[in-house]
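# Examining the three-dimensional arrangement
Here are the chains, one letter per residue:
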Amino acid sequence: MSLKGVLKRIAVSLITVFLAMLLTFFLLRMTPGSAIDTWARDYATQRGMSLDEAYRQITAMINYNPKEPLFAQLGRYLGGLMHGNLGMSMIYQNVSVNEIIANALPWTLFVLSVSLIISFLIGINLGAMMAFKRKTILDPIISIYAILTSSVPNFIVGILLLVIFSFQFGWFPVNGAYDPIVDPGFNFPFLLNVLYHGALPILTYVITTIGTWALTMKGSAVNVLGEDYIIAASIRGVSERTLMNRYVKRNAMLPLITTLAVSFGFMLGGSPLIENVFSYPGMGYYIGQATQQRDYTLMQGLLLVTSLAVILANLASDLIYAKLDPRVKLEEG
Amino acid sequence: MLVSGCGTSTPGLVDRLSAGDVQDMQQLIPDAQIKYNKDKIFHVLGGWPKPPLYQGNPFGSGGIGDTNTRYMYEGLFFFLRSMNNVYNRLAESSEDTDLTTTVHLQRNVKWHDGEAFTSKDVWGYYRLNNGAEVTKYLTSIDTPDDYTIVFHWMNPAPYPELRKLLLAQDLQGQIPYHIYKKYVDKADALLQEAKPLTDKSKDGPFNLDITEELSKKIALNWNEFTRSGPAIPVGTGPYKFEKVTTTDMLIDKFEDYWRPDAVHFDKIWIKNVPELSAQYALVKAGKLDWYDGTPPKDILESLLKQNKNLLHYRMYDPASVGLMYNIRNKPFDNVKFRQAMTYVLDKTKLREIGNYYGKEYPKISMTGVMPSSLDKEIDASVLDQMTDYTTNLDKAAELLKEIGWKKGSDGQWRDPDGKVPSFIIGAPNNWAPGVNSAQIAAEQFSKFGIPTKLKAVDSTIYFANADKGQYDMSMDWVDISWGFQNPWSSMRVLFWQGTKTKVGFSNIKKKDEKGNEIDTGKLDLKLPGIDGKIYDIDKEMKRFPYVQDEQERRQIIDNLAWIANENCWGVNFFQNATGAWINTKMMSGDFPMMEQIVQYNRDMPLATDPVEQLAITHLNHGFNSSYMPEEYWPR
């Protein structure tokens, strides 16, 4: 892997980040509604004043100018970004977007990474077994499962799990990341409580992604099984277990590394649906809340970080894949 | 995990009552005898800005949430929504003269941080929060000593009952002077810069003329105040903040509360569960001890069947579901067309779909008065003179023909230009009573020959669109009193607030120094009253609070209600019925209609006895309005 190739990949990623940022900025402002419409309505009711008066007071209160030209807003936003400042929430004026993201991101990363690791590990093992035992009942069972779970939206699966395990049986909490009776910190009761609350969101991701991993792995493993070195190893008397674990799985896994990064991006993008089902306080949850309130600064900050994560994951997969597989070279031209 | 258990493992309420086992229900139980709610926790639902957005200033943008506000903060007085009964709270007593109201404070009230609550806190509350409605009627506030506050009213002053209601709207124990001194003193200094108001057409706090420049300085100070304050709320209420997560909040009994004997629960556990189906699941599982609202009939019956400890009370909501015609659009600017449309509607069907337990009032269009109180608030002779809008398709056809409409052979009505209309009813998509009843209304209009479609719009943009007049007809609460139950309160919604903007009443325009036309935001509506004279509605509304004679006030309301009904700016589909759920496994108390619980198998009908009605209002809006009824305790 040459330095030039790496730099080219990084440059493309930076351009993508910039375009994503611009797109987010303009698209959000094209959506109907305003941050202060609903607020003004409630305020007028509470204070016994006219809607016009409420609108005027709130506009002054939050120092918001709905008539500020779009490019002036963009200039202000870009100026802040240069200093790593994503701005203040429009609704919650005393909290910066950076603070909100710092609170939300760890929860999303926790759920996504745990579920990704679990589903990846189970999926590739199932896939390898399917490849080895193509004539058994295992293959069609897992194939049907994979088709079913990949065709049902993951938030529907989340709702089903919630109804069954939280509402019907009461085995898991209805929502949230932890109970208020535990003290947040690096202590056993808190960690246990976090795992308990994260169980259903994680299970939702695992159930809906495991089949896809298995099918992808099966396809890759079947290709590897046809390679000469596998046949040679088999003739040499290498045991089936060793053949599967050390010869097939290791090589068949390589193409899945790229998919892993792409999947992370997809899961992150879909997190608003899952996290809102479980009121899980991650990035997706706040994206949902900010969208409802038309809190532009919060929305654009959250979406920028989400885009950044996806782009970084893709960049990382490109670089790692080139490192793992010596046959792959990053193009320099 | 919630500590409350499932409600089906113990004898149900009806079994207990039938067996005469009511000893633990109608009295405070000694701690040792508490069977189920040993931790003495009261479980309810609520909402708040999620950490890290949560902060301790209730006026901070985004607030701190409703439920915890109710239990952590108090006002001088307290009233239940939908009622005019005012009770003393932080006020020990009060007395009125012609132009003053003197309030004597409870002596042993402390803020949650241990500081004493004094008259300076109340003074500071209004100097800083000078946009509060009552300040428009005051000239000044004096604090002769730490425990006395004198409110000086403008001359003429609002009539005495209204003065107390205006004061009771506010939670004066929300701005501790010792915490917010800097902002209170700055606001006071700015107000002192203002000159007395001479232009009677203008409003101003403390009768002051707030210039544009001063207004900006006051807003800036307010803005800085809303960004400041403690990390957690500091009130004087019976519960103080303990902990908050995104989905749960714990508030603890305040040990130094001035009425310790009135607080029976040690802790309130507030759950934030926005999904309605999830809320019902929690009610069914007995994980909420009190729940506000009456679900659709089938869900209500299913919940009661599945948890035998649940008890449900119904009551009228001081709010109606209704449709407003957009008079900015033709042909809705024609009163005869609006009346014709109103005659088409069958309100019984609208109510059955919208809120089965609600009540329709077929005769009226929209009066600005809560329908269930029409008989009480409006003179019988005026009611008799109101146009009766009971469904009458012949009358609708007759009115349409009068304004040049014709019905074609295809059954569709055509306007005078021969065009078949196509109308839209807008409704917020997450408001089931509104969306469901609007769908039926659209079908009824279409069946009559006026093609109409429902447009259920995302609620985050619906109201702004409706206020701008984007729909021919819009759905919202109508004839509603958000605060005290006084017809002037609901008339304000009609002529000054939400109904005004959806109907599209015009505002008075004037020219600025540069000759540009500007909107004053003040209502420009002059119409004939019941006596045939022309009335300026805005002036009548502004006059009302100062009219000391009750009979004259009644005449103003009679006239405005008659004008509203005749002009038919909208249709009151039905008055909403709401309710309260009690989990009698975890909570006992002197429940209303106790003798009838077995007879109705816990699904209590609307109370007819005024004492029971009051008790149910306490049970419902009491738990919902900064007040923990004392007659309920852990079981």
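### A few points about the overall build of chain B
- Helices and strands together make up the secondary structure of chain B, namely 20 helices and 26 strands.
- What you see for chain B is a C-alpha radius of gyration of 26 Å, in line with the 26 Å of a compact globule of 635 residues.
- With respect to the principal axes defined by its C-alpha atoms, chain B has extents near 80 × 65 × 45 Å.
- Relative to its full complement of 635 residues, chain B shows a buried share of 61%.
- Of the roughly 25100 Å² that chain B leaves accessible, carbon and sulfur atoms contribute 49%.

### Overview of helix α11 (residues 254-277) of chain A
All names here are of chain A.
- End to end, α11 covers 34 Å across 24 residues, agreeing with the expected 34 Å (1.5 Å per residue, within 8%).
- The largest bend along α11 reaches roughly 50 degrees and is located at Gly-270, with the proline Pro-272 sitting one to four residues downstream.
- Ser-279 occupies a position one or two residues after α11 and carries a positive phi of about 45 degrees.

### Looking at the pattern of salt bridges
- Following the criterion strictly, the structure yields 27 salt bridges over all chains and no others.
- Note that Lys-243 of chain B and Asp-183 of chain A form a salt bridge whose closest N and O atoms lie 3.0 Å from each other. You can see Lys-243 of chain B sitting in strand β10 (residues 239-244) and its partner Asp-183 of chain A sitting in the loop between α7 (154-168) and α8 (188-225), one on each of two chains.
- With its nearest N and O atoms 3.2 Å apart, the salt bridge here joins Arg-543 of chain B to Glu-540 of chain B. With Arg-543 of chain B and Glu-540 of chain B both in helix α18 (residues 537-543), this residue pair falls three residues apart, about one helical turn.
- With relative accessibility at 11%, the residue Glu-540 of chain B sits in the buried group.
- Here the salt bridges do not stand alone but share partners, grouping Glu-242, Asp-252 and Lys-267 of chain B into one network.

### Section: the packing of helix α9 (residues 228-235) of chain A against helix α10 (residues 240-252) of chain A
Residue and element names in this part refer to chain A.
- At their nearest, the axes of α9 and α10 sit 11 Å apart, and the two run at 175 degrees to each other. Accordingly, the angle class assigned to the pair α9 and α10 is roughly antiparallel. Judged by residue contacts, Tyr-229, Ile-230, Ala-233 and Ser-234 of α9 engage Leu-243, Tyr-247, Val-248 and Asn-251 from α10.
- Across the contact of α9 with α10, the residue classes break down as six nonpolar, two polar and no charged.

### Brief notes about the packing of helix α1 (residues 3-30) of chain A against helix α13 (residues 296-324) of chain A
Residues and elements named next belong to chain A.
- Closest axis-to-axis distance for the α1/α13 pair is 9 Å, and the angle between their directions is 160 degrees. Put simply, α1 runs roughly antiparallel to α13. Crossing geometry of α1 relative to α13 is assigned as right-handed. Taken together, the residues of α13 that come into contact with α1 (itself represented by Val-6, Arg-9, Ile-10, Ser-13, Thr-16, Val-17, Ala-20, Met-21, Thr-24, Phe-25, Leu-28 and Arg-29) are Tyr-296, Met-299, Gln-300, Leu-303, Leu-304, Ser-307, Leu-308, Ile-311, Leu-315, Asp-318 and Leu-319.

### Looking at the environment of Gln-485 of chain B
Residues and elements named next belong to chain B.
- As for its placement among the helices and strands, Gln-485 is situated in the loop between β19 (473-478) and α16 (487-495).
- With relative accessibility at 6%, the residue Gln-485 sits in the buried group.
- Taking the C-alpha atoms as reference, Gln-485 lies 9.8 Å from Phe-79; in sequence the two are 406 residues apart.

### Re the domain arrangement of chain B
- The assigned domain composition of chain B is domain 1 (2-53 + 237-309 + 584-634), domain 2 (74-226) and domain 3 (320-575).
- Between the C-alpha centres of domain 1 of chain B and domain 3 of chain B the distance comes to 38 Å.

### Some points on the confidence of the model for chain A
- Here chain A averages 84 in pLDDT, while 93% of its residues score no lower than 70.
- The secondary structure element of chain A with the lowest average pLDDT is helix α2 (residues 37-47) of chain A, at 69, and the one with the highest is α8 of chain A, at 92.

### Here's the deal with the packing of aromatic side chains
Residue and element names in this part refer to chain B.
- In this structure the tally under the stated criterion is 47 aromatic pairs over all chains.
- On the numbers, 4.9 Å between centres and 80 degrees between planes, the contact of Tyr-180 with Phe-225 is edge-to-face. With Tyr-180 in helix α5 (residues 177-193) and Phe-225 in helix α6 (residues 212-226), the pair connects residues that are 45 residues apart, well separated along the chain.
- Taking relative accessible area as the criterion, Tyr-180 reaches 1% and is therefore assigned buried.
- Judged by its relative accessible area of 0%, Phe-225 falls in the buried class.
- For the ring pair Tyr-356 and Tyr-357, a centre distance of 5.4 Å and an interplane angle of 85 degrees mean the geometry is edge-to-face.

### Looking at the sheet that holds strand β4 (residues 91-96) of chain B
Residues and elements named next belong to chain B.
- An order of β4-β5-β7-β6 is seen for the four strands of this open sheet, with the pairing classed as antiparallel. Strands with a single pairing partner mark the edges of an open sheet, and in this sheet they are β4 and β6 (138-145). Along the sheet, successive strands turn relative to each other by an average axial angle of 20 degrees, direction set aside.
- When β4 meets strand β5 (residues 100-105), the two strands line up antiparallel, connected through five bridges. Considered in β5, the bridge of Ala-91 is made with Leu-105.
- Contacts from helix α3 (residues 119-128) reach β5, β6 and β7 (148-153) within the one sheet, and its direction differs from that of β6 by about 160 degrees.

### As for the interface of chain B and chain A
- Facing 49 residues of chain B, the contacting portion of chain A comprises 44 residues.
- For the pair chain B and chain A, the summed buried surface comes to about 4100 Å²; carbon and sulfur atoms form 55% of the total.
- Here chain B is connected to chain A by one salt bridge.
- Taken together, the connections running from chain B to chain A amount to five residue pairs in polar contact (both at pLDDT 80 or more).
- When residues of the side of chain B that touches chain A are traced back to their parent elements, those giving at least two are α6, β11 (248-253), β12 (267-271), α7 (276-284), α15 (459-467) and α17 (498-503) of chain B.
- Among the elements that make up the side of chain B that touches chain A, the one with the highest residue count is α15 of chain B (five residues).
- Taken together, the residues of the side of chain B that touches chain A sort by class into 20 nonpolar, 16 polar and 13 charged.

The rules we used
Chains are numbered independently. Their residues run from 1 in the order of the written sequence. Each chain gets a letter, beginning with A, and each ligand a number, beginning with 1, in the order they are written. Totals for whole chains, interfaces and linings use every residue, but because this is a predicted model, local features are given only for residues with pLDDT of at least 70 and side-chain atom pairs only at 80 or more, for both listing and counting. For the side-chain quantities, the full set of heavy atoms in the structure was used; hydrogens and water were omitted. Helix numbers and strand numbers start at the N terminus; a helix is a DSSP run of H or I with at least 4 residues, a strand a run of E with at least 2. When we talk radius of gyration, it's over C-alpha atoms, and the globule rule is simply 2.2 Å times the number of residues to the 0.38. Residue exposure (1.4 Å probe, protein chains only): buried if accessible area is under 20% of the type maximum, exposed if over 50%, otherwise partly exposed. Methods summary: accessible areas were calculated by the Shrake-Rupley approach with a probe of 1.4 Å, and residue burial reflects only the protein chains presented. A helix is expected to span 1.5 Å multiplied by its residue count minus one. Bend at a given residue is defined as the angle between two axes, one fitted to the seven residues that end at that position and one fitted to the seven that begin there. Take a side-chain nitrogen of Lys or Arg and a carboxyl oxygen of Asp or Glu: if they are within 4 Å of each other, that pair is a salt bridge. Note on definitions: angles span 0 to 180 degrees between N-to-C directions of axes, and those axes are lines fitted to C-alpha atoms, for helices only across the stretch in contact. Roughly parallel means an angle under 35 degrees; roughly antiparallel, over 145; roughly perpendicular, 65 to 115; everything else is oblique. Contacts are assigned to residue pairs with any non-hydrogen atoms lying within 4.5 Å of each other. Classification convention: Asp, Glu, Lys, Arg as charged; Ala, Val, Leu, Ile, Met, Phe, Trp, Tyr, Cys, Pro as nonpolar; all other residues, Gly among them, as polar. Note on convention: the crossing is left-handed when the near helix lies turned anticlockwise from the far helix by less than a right angle, right-handed when the turn is clockwise. Residue ranges labeled as domains rest on an automatic or database domain assignment. Known as pLDDT, the predictor's confidence for each residue is given on a scale from 0 to 100. The criterion for an aromatic pair is that two Phe, Tyr or Trp rings (for Trp, the six-membered ring) have centres within 6.5 Å, with stacked assigned to planes under 30 degrees apart, edge-to-face to planes over 60 apart and tilted to the rest. At least two bridges found by DSSP between two strands are what make those strands a pair. Accessible-area loss on putting two parts together, using a 1.4 Å probe and summing over both, is the definition of buried area adopted here. N or O atoms closer than or at 3.5 Å make up a polar contact, with two conditions inside protein: a donor-capable atom paired with an acceptor-capable one, and, for residues adjacent in sequence, both atoms drawn from side chains.

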